[in-house]
Amino acid sequence: MITLWFPKAIYFQPNILNDNLDLYEREIKNALSEIGSLRDGAKNVNSTHRLKPNLFEVCNLDELRREFFDRSKYFLNELGYKNTQSLHFDNCWANISYPGDYIFPHNHNGSMISGVYYVKSSLHEKIKFFNSPTMHSDPDVWNDLNHQHCEYTCIPGSMLIFMSDLMHGTEKQHCEEKISISFNMSLWVNFPF
């Protein structure tokens, strides 16, 4: 008998605040013109990640912030975390990318859950999630017992939420412009000592 263990859960929901996409695009572009952006070897995109820890301070994203929070609580509850009163944002940032840009596979150490919301993209663009790295050779045939990655289309108005230690990244971009808003959240931990 073969059993499957150690699931890696990903929450995916399309059609969130689609009527606000144009507003969010303007807000993000204004924020980047105000605070700037950085690129590095892992994130070959224009990002506010290291410049401003809380994008909410420079953008009008109140409705989206509530969606992030409510959907994150739902995700954690489904994973068995029932005590989510201390759920809080660690940070929130925006990325704007162009043809040839990519994000090297990485995870978000120091947070519990992470998420991304797509403001603008092409349906040809994907985000990939990776299983733990392995030193084994690839199998002759990929199937449900051995797959090493999955991918989701970067649909405008869609949100993905996942555990922060899940490796993820994007390949070289083909569309003219992609805009995303990402966040990290954690629960306060009460140690018994």
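The preceding data block contains the structure.
For clarity, every value in this text was computed on a predicted model and none was experimentally measured.

**Student:** Just checking my understanding: could you explain the overall build of the chain for this structure?
**Tutor:** Assigned secondary structure in the chain consists of two helices and 11 strands. Its helices and strands in sequence order give the chain the pattern β-α-β-β-α-β-β-β-β-β-β-β-β, from N to C terminus. For 193 residues, the compact-globule estimate of 2.2 N^0.38 gives 16 Å, and the chain sits close to it at 17 Å. C-alpha extents for the chain along the principal axes are approximately 55 × 45 × 30 Å.

**Student:** Help me out: how do you make sense of the packing of aromatic side chains in this one?
**Tutor:** The description of an aromatic ring pair rests on the distance of the ring centres and on the angle between the ring planes. Overall, the coordinates contain 10 aromatic pairs when judged by the stated rule. Judged by centre distance (6.5 Å) and plane angle (70 degrees), the ring pair of phenylalanine 68 and tyrosine 117 falls under edge-to-face. Separated by 49 residues along the polypeptide, phenylalanine 68 in helix α2 (residues 62-78) and tyrosine 117 in strand β6 (residues 113-120) bring together distant segments of the chain. Judged on exposure class, the residue phenylalanine 68 and its partner tyrosine 117 are both buried. Geometrically, the ring pair formed by phenylalanine 129 and phenylalanine 162 is edge-to-face, given 4.9 Å between the ring centres and 70 degrees between the ring planes. Note that phenylalanine 129 is positioned in strand β7 (residues 126-130) and phenylalanine 162 in strand β9 (residues 159-163), a separation of 33 residues in sequence. Among the aromatic side chains, those forming a connected cluster through ring pairs are Tyr24, Phe56, Phe68, Phe69, Phe89, Tyr117 and Phe183.

**Student:** Before we go on, may I ask you to explain the side chain of glutamine 173 in this structure?
**Tutor:** For glutamine 173, the location among the structural elements is in the loop between β10 (167-170) and β11 (178-186). In this structure the side chain of glutamine 173 is engaged in a polar contact, spanning 2.5 Å, whose partner is the side chain of serine 97. Aside from chain neighbours lying at most four places away, what touches glutamine 173 is Ser97, Tyr98, Pro99, Gly100, Asp101, Glu125 and Lys178.

**Student:** Sorry if this is basic, but what is going on with the sheet that holds β9 here?
**Tutor:** Sheet strands line up and pair through hydrogen bonds in the backbone, either parallel or antiparallel. Across the sheet, six strands lie side by side as β1-β9-β6-β11-β4-β3; this open sheet has antiparallel pairing. The open sheet has two edge strands, β1 (10-13) and β3 (46-47), and neither has a second partner. The pairing of β1 with β9 spans four bridges and is antiparallel. Among the inter-strand pairings, isoleucine 10 is bridged to a residue of β9, identified as phenylalanine 162. Lying on the sheet, helix α1 (residues 21-35) is in contact with β3, β4 (88-97), β6 and β11; it crosses β6 at an angle near 105 degrees. Strand contacts of α2: β1, β4, β6, β9 and β11, with the helix running at about 45 degrees to β9, the strand carrying the most contacts.

Calculation rules
For every chain, the first residue of its written sequence is number 1, and the numbers climb from 1 along that sequence. It should be noted that, the model being predicted, local features are given only for residues of pLDDT at least 70 and side-chain atom pairs only at 80 or more, the latter also being counted only at that level, while totals for whole chains, interfaces and linings use all residues. For side-chain calculations, the full set of non-hydrogen atoms in the structure is used, while hydrogens and water are omitted. Secondary structure is summarised from DSSP: a helix means a run of H or I of at least four residues, a strand means a run of E of at least two, and numbering begins at the N terminus for each. Here the globule rule is a power law, 2.2 Å times the number of residues to the power 0.38, and the radius of gyration is based on C-alpha atoms. The rule is short: rings of Phe, Tyr and Trp, with Trp giving its six-membered ring, pair when the centres are within 6.5 Å, and they are stacked under 30 degrees, edge-to-face over 60, tilted in between. The buried label applies to any residue whose accessible area, calculated with a 1.4 Å probe on protein chains only, is under 20% of its type's maximum; exposed applies above 50%, and partly exposed to all values in between. Two N or O atoms form a polar contact when they lie within 3.5 Å of each other; inside protein one atom must be a possible hydrogen donor and the other a possible acceptor, and for residues adjacent in sequence the pair counts only when both atoms belong to side chains. Residues are treated as being in contact if the distance between any of their heavy atoms lies within 4.5 Å. Should DSSP find at least two bridges between two strands, the strands are taken to pair. Here an axis means a line fitted to C-alpha atoms, over the contact stretch when the element is a helix, while the angle between two N-to-C directions is reported on a 0 to 180 degree scale.

Keep in mind that these numbers describe shape and distance, not what the molecule does.
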